[in-house]
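# Understanding the architecture of this molecule
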Amino acid sequence: MEDMEDCEDEPTLQMRDFVKEDLPREKLLQYGRGALTDEELIAIFLRTGLHGCNVLELAGRLKRAAGTLSELGRMEARQIMDCCKGIGSAKAATLAAVFELGQRAIKEEIRTEDMMNPSVIYAYLASDLRYRPEENMVVLLLNAQRHLIRRCDVARGTLTRVLAHPRNIFREAIIYNACSIILAHNHPSGDPHPSKMDMELTDNVRKSGEIIGIPLKDHVILGAEGSGTLPYYSFRSHGQLP
């Protein structure tokens, strides 16, 4: 956590205190958003710095305190305030809202994708599930075109297991007239390979879906990136589901 002065108690530096060439907003307008660094983009939403710390320096301190940009993007406003002293409620709320809008835009676009691609499922769910400290089970309801109708959170478990009964998994699939479903859950350990329990659950849900007439198309386990292998495991891609 950064040891910084509280911005409510000290005079702040305004964006106008910078020379024009250094203004992130001016740079964005002239060269486009892709030309800005992470710190410059954050600075646009922070708007002001602190006494003895300009807005770009404050943006850099905030990113370092969070660890990574993706970690910052997952934080609620209160967490942002706790992460970096000097970030008040207005700045924190603005940043949290911006990151949430970005995530919603991505998810809205994914709704038109073919959900039979496990990389699309990972992109849709990873920002929400992959860093949770416990296993969470999600059911994705699909229409006849294999597009997403609805996401349903059906179970939350422990660090190493999550229990979900087929009746809970298929309840909303029946209500929303889904043509098929996809299961997904996270592994907090970061290793996406299925456990024996994961395989048993998949087989039970597959059999239930055949009886009900709503087939299970895939079960995707979300792990962590950076291990040299795919950050997810797809039962269908491994030939374990038709």
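How each quantity is defined
- Residues numbered from 1 in each chain as written.
- Predicted model: local features only at pLDDT ≥ 70, side-chain atom pairs only at ≥ 80, totals over all residues.
- Heavy atoms only, no water.
- Helix = DSSP H or I, 4+ residues; strand = E, 2+ residues; numbered from the N terminus.
- Buried < 20%, exposed > 50% of the residue type's maximum accessible area, 1.4 Å probe, protein only.
- Contact = heavy atoms within 4.5 Å.
- Core = buried A, V, L, I, M, F, W, Y, C linked by side-chain atoms within 4.5 Å.
- Salt bridge = Lys/Arg side-chain N within 4 Å of Asp/Glu carboxyl O.
- Polar contact = N/O pair within 3.5 Å; in protein donor to acceptor, adjacent residues only side chain to side chain.
- Expected span 1.5 Å × (residues − 1).

Within the protein, the secondary structure is distributed over 9 helices and 5 strands. Across the protein, helices and strands are ordered from the amino to the carboxyl terminus as α-α-α-α-α-α-α-β-β-α-β-α-β-β. Every one of the 242 residues in the protein was classed for burial, and the buried ones make up 42%. Long-range pairs, those at least 24 residues apart, make up 59% of the contacts in the protein with a sequence separation of at least 6.

By size, the foremost hydrophobic cluster in this structure holds 21 residues, and its most contacted members are Ile 169, Ile 181 and Val 205. Mapped onto this core, the elements with two or more residues apiece are strand 1 (136-142), strand 2 (148-156), helix 8 (166-175), strand 3 (180-186), helix 9 (196-212) and strand 4 (216-222). In this view, Ile 169 contacts Val 139, Val 154, Ala 164, Ile 181, Leu 183, Leu 201 and Val 205; residues no more than four positions away in its chain are not counted. By size, the runner-up hydrophobic cluster in this structure holds 20 residues, among which are Leu 46, Cys 53, Ala 66 and Leu 95.

It is worth spelling out the pattern of salt bridges at this point. Using the criterion set out here, one finds 13 salt bridges in the structure. In this structure, the salt-bridge partner of Arg 104 is Glu 100, at a minimum N-O distance of 2.8 Å. Here the residue Arg 104 and the residue Glu 100 both occupy positions in helix 6 (residues 89-110), the gap between them amounting to 4 residues, near one helical turn. Arg 104 gets classed as exposed once you look at its relative accessible area, which sits at 55%. Here Glu 172 makes a salt bridge to Arg 150, at a shortest N to O gap of 3.4 Å. Here Glu 172, found in helix 8, pairs with Arg 150, found in strand 2; they are 22 residues apart in sequence, far enough to count as distant. Classification of Arg 150 as partly exposed rests on a relative accessible area of 33%. Within this structure, Asp 128, Arg 132, Arg 151 and Asp 153 form a network of salt bridges that share partners.

Position of Asp 198 among the secondary structure elements: in helix 9. Among the residues examined, Asp 198 registers a relative accessible area of 6% and is labelled buried. Here His 185 takes part through its side chain, which lies 3.3 Å from a polar atom of the side chain of Asp 198. Setting aside anything within four residues of it in sequence, one finds Asp 198 in contact with His 185, His 187, His 219, Ile 221 and Phe 235.

Turning our attention to unusual backbone geometry. Even without a glycine there, the phi angle at Arg 146 is positive, about 65 degrees. Structurally, Arg 146 can be placed in the loop between strand 1 and strand 2. The backbone of Asn 177 shows a phi angle near 55 degrees, a positive value even though the residue is not glycine. By secondary structure assignment, the location of Asn 177 is in the loop between helix 8 and strand 3.

What follows concerns helix 3 (residues 55-66). For helix 3, built from 12 residues, the straight-helix expectation of 16 Å at 1.5 Å per residue is met to within 8% by its first-to-last C-alpha distance of 16 Å. All of the buried residues in helix 3 are Val 55, Leu 58, Ala 59, Gly 60, Leu 62, Lys 63 and Ala 66. On its buried side, helix 3 packs onto helix 2 (38-46), helix 4 (69-73), helix 5 (77-83) and helix 6. Where helix 3 begins, the capping side chain belongs to Asn 54, and its oxygen is found 3.0 Å from the backbone nitrogen of Leu 56. Just downstream of helix 3, Gly 67 is the residue with a positive phi angle, here 110 degrees.

In short, shape yes, function no, at least from these values alone.
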